[in-house]
Amino acid sequence: MDPIKTHIVVVGAGPGGYAAAFYAADLGMKVILVEREKRLGGVCLNCGCIPSKALLYATHQITAAHDSAHRGITFTPPAVDLPKLRAWKESILEKLAGGVSFLAQKRGVQVIKGRGYFEDSQTLRVETEQGQQLVQYDKAILAVGSLAAMPKVFDLGNPRIMTSTGALEIEDIPENLLVVGGGYIGMEMGTVYAALGSKTVLVEALDNILAGADPDLARPVAANAKKMFKEIRLKAKVTKMATAGKQIKVEMEYGGQKLEELYDRVLVAVGRVPNSADIGLENTKVELDEKGFVKVNHHQQTGDPNIYAIGDIAGGILLAHKAHKEARIAVENINGEDVTFENIVIPAVVFTDPELAWCGLTEAEAKAKGVKYEVAKFPWAASGRALSFDRTDGLTKMLIDPESERVLGVGIVGAGAGELIAEAVLALEMGATAEDIALTVHPHPTLSETLMECAEAFYGHATHTIAKKRAGE
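Residues numbered from 1 in each chain as written. Predicted model: local features only at pLDDT ≥ 70, side-chain atom pairs only at ≥ 80, totals over all residues. Heavy atoms only, no water.

### With respect to the side chain of D216
For step 1, the next point in the chain: Examined against the element boundaries, D216 turns out to sit in helix 7 (residues 215-228).
For step 2, the next point in the chain: Polar side-chain contacts of D216 include one of 2.9 Å to the side chain of K377.
For step 3, the next point in the chain: Of note is the side chain of D216, whose polar atom sits 2.7 Å from the side chain of K397.
For step 4, the next point in the chain: Sequence-distant contacts of D216, that is, excluding residues within four places in its chain, are made with E363, K377, L395 and K397. (Helix = DSSP H or I, 4+ residues; strand = E, 2+ residues; numbered from the N terminus. Polar contact = N/O pair within 3.5 Å; in protein donor to acceptor, adjacent residues only side chain to side chain. Contact = heavy atoms within 4.5 Å.)

This is the structure in structure tokens:
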């Protein structure tokens, strides 16, 4: 089969890969997009961000119905039709993946379904169902992503020991579920199964859940999880798993004791590893770090001048929106511009109940870097909007430079925090001061007002809370 020649080949059609392919096509380049899975969209669309949020929304209806009783509105106990729930979730994924395919077609992006393997710095071999296809390119963008980590000690080949991918299939509602790992994936999926009725035990090796988050923000999440989950065990270590009939026998160390327990299913959520193996990178000048992530410079260029890398495979924060931004940077540099991935604000969102989101510096980061800051907080117990739907467990928090009064970081925990954080991202990107936010009229009654009043609290005159005045005022 004769080789196909193209300006750019993008390997991997996740949120970074297809964004890069579409942007390059919009700029007039000839683009080939290679994807080994049947559907475009990558992990995020097919077995990550989208299906998990769909299930979180669906199962939130169960807790919302239960919580409505004290308002005088009661419902009969919910009945869960798992096949229908799965079909609804799949319909969302099909629509989104179909939309990506349609956009690729309309842009003239050629999609090749198959596994890509680098023969050299300018040749990609794609193993398709029809056979091998060689692609000769000027530049390649590597966007092959990551996969859920499964430590060998837990990898028994038993489907009852799941990663997030298996958990999202919702094959059944286990009576007893063990979640290993208190990061965002473990917390989100644990929330789904707990709402469905599983007696959920979560174990975390560290002394708190959501280790990267501000403790002030993680506290309400932990408090609600303790109500939903059967138990949360911190400083706990799972040492061994074994198949025991239709259950999993788990051995762990917790509270100075060795425990042996049986679970119907186990979700292992201990991080993600890069998809850098067996794709021929050794035939190029691409370099990997000690964890297998591809090394890139500020232009997203690898050690091979013809190959760029974006998204999870390039390490750093493993988030879809970070991949999307890196896609733009890689394409613009290939197009002859000089654009770098520096001083870019990347928000993080955990879609637990309540949601948790932050951007810019956290207190821990500010202290580690020796950055001077002052803290302003606004509790949602003082928000009329939060009171109107019984979600006063929220908090809006700002870190502010005491001299310039520029906003250094913002954290929000509460219902809809993932939507609210965008205002903070824009404020940081624009170099806004606390006064800029305080003087911006926010609609009432909304949760967005908590950002305004948090900024006002910095100056000591928030309307709905008593704020300590700053020194010298």
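The rest of the description comes next.
### Notes on the packing of helix 1 (residues 17-26) against helix 4 (residues 82-107)
For step 1, the next point in the chain: Two numbers describe how helix 1 lies on helix 4: the axes approach to 10 Å, and their chain directions differ by 25°. Relative to helix 4, the element helix 1 lies roughly parallel. For the pair helix 1 and helix 4, the sense of crossing is left-handed. Along its contact with helix 1, which presents Y18, F22, A25 and D26, the element helix 4 presents V100, L103, A104 and R107.
For step 2, the next point in the chain: For the contact of helix 1 with helix 4, the class distribution of residues is 6 nonpolar, no polar and 2 charged. (Axes fitted to C-alpha atoms, helices over the stretch in contact; angles between N-to-C directions. Parallel < 35°, antiparallel > 145°, perpendicular 65-115°, else oblique. Left-handed = near helix turned anticlockwise from the far one by under 90°. Nonpolar A, V, L, I, M, F, W, Y, C, P; charged D, E, K, R; others polar.)

### Regarding the pattern of salt bridges
For step 1, the next point in the chain: Counting across every chain of the model gives 21 salt bridges.
For step 2, the next point in the chain: Between R107 and D26 there is a salt bridge whose closest N-O contact spans 2.9 Å. Of this pair, R107 sits in helix 4 while D26 sits in helix 1; the two residues are 81 residues apart in sequence, bridging distant segments of the chain.
For step 3, the next point in the chain: Classification of R107 as partly exposed rests on a relative accessible area of 32%.
For step 4, the next point in the chain: Of the charged contacts in the structure, one is a salt bridge between K53 and E188, with a shortest N-O distance of 2.8 Å. With K53 in helix 3 (residues 49-67) and E188 in helix 6 (residues 184-196), the pair connects residues that are 135 residues apart, well separated along the chain.
For step 5, the next point in the chain: Overall, K53 belongs to the partly exposed group, its relative accessible area being 24%.
For step 6, the next point in the chain: Sharing partners across several salt bridges, the network here consists of D214, D216, R219, E363, K377 and K397. (Salt bridge = Lys/Arg side-chain N within 4 Å of Asp/Glu carboxyl O. Buried < 20%, exposed > 50% of the residue type's maximum accessible area, 1.4 Å probe, protein only.)

### Focus on the sheet that holds strand 14 (residues 257-263)
For step 1, the next point in the chain: Strand order in the open sheet formed by 3 strands is 12-13-14, and the pairing between neighbours is antiparallel. The open sheet terminates on both sides in strands that have one partner only, identified here as strand 12 (237-244) and strand 14. Each strand of the sheet is rotated relative to its neighbour by a mean of 20°, with strand direction disregarded.
For step 2, the next point in the chain: Across 7 bridges, the pairing between strand 12 and strand 13 (residues 247-254) is antiparallel. Bridge assignment links T243 to a residue of strand 13, and that residue is I248. (Pairing = 2+ DSSP bridges.)

### Remarks on the sheet that holds strand 19 (residues 355-360)
For step 1, the next point in the chain: Spatially, 18-19-22-21-20 is the arrangement adopted by the 5 strands of the open sheet, whose pairing is antiparallel. Strand pairing shows two members of the sheet lacking a second neighbour, strand 18 (348-350) and strand 20 (374-379), which therefore form its edges. Neighbour-to-neighbour, the strand axes of the sheet open up by a mean angle of 10°, direction not taken into account.
For step 2, the next point in the chain: Here strand 21 (residues 395-400) runs beside strand 22 (residues 407-414); their pairing, made up of 6 bridges, is antiparallel.

### Regarding the pairing of strand 21
Consecutive residues of a regular strand have side chains that alternate between opposite faces of the sheet.
For step 1, the next point in the chain: In terms of burial, strand 21 is a largely internal element, 6 of the 6 residues being buried.
For step 2, the next point in the chain: Neither face of strand 21 is open: one carries L395, K397 and L399, the other T396, M398 and I400, and all of them are buried.
For step 3, the next point in the chain: In terms of strand pairing, strand 20 meets strand 21 through 6 bridges, oriented antiparallel. Note on strand 21: the bridge partner recorded for E374 is I400.
For step 4, the next point in the chain: The antiparallel pairing of strand 21 with strand 22 creates a hairpin that spans 6 residues between the two strands, and E405 there sits at a positive phi of about 65°.

### A closer look at the environment of I310
For step 1, the next point in the chain: By the secondary structure assignment, I310 is in the loop between strand 17 (307-309) and helix 8 (320-334).
For step 2, the next point in the chain: Along the backbone, I310 and D81 are 229 residues apart, and their C-alpha atoms lie at a distance of 39 Å.

### Thoughts on the state of the cysteines
For step 1, the next point in the chain: Evaluation of the coordinates by the stated rule reveals 1 disulfide.
For step 2, the next point in the chain: Of the cysteine sulfurs around C359, a residue in no disulfide, the closest is that of C454, at 12 Å.
For step 3, the next point in the chain: Judged by its relative accessible area of 1%, C359 falls in the buried class.
For step 4, the next point in the chain: By relative accessible area, C454 is classed as buried at 0%. (Disulfide = S-S within 2.5 Å.)

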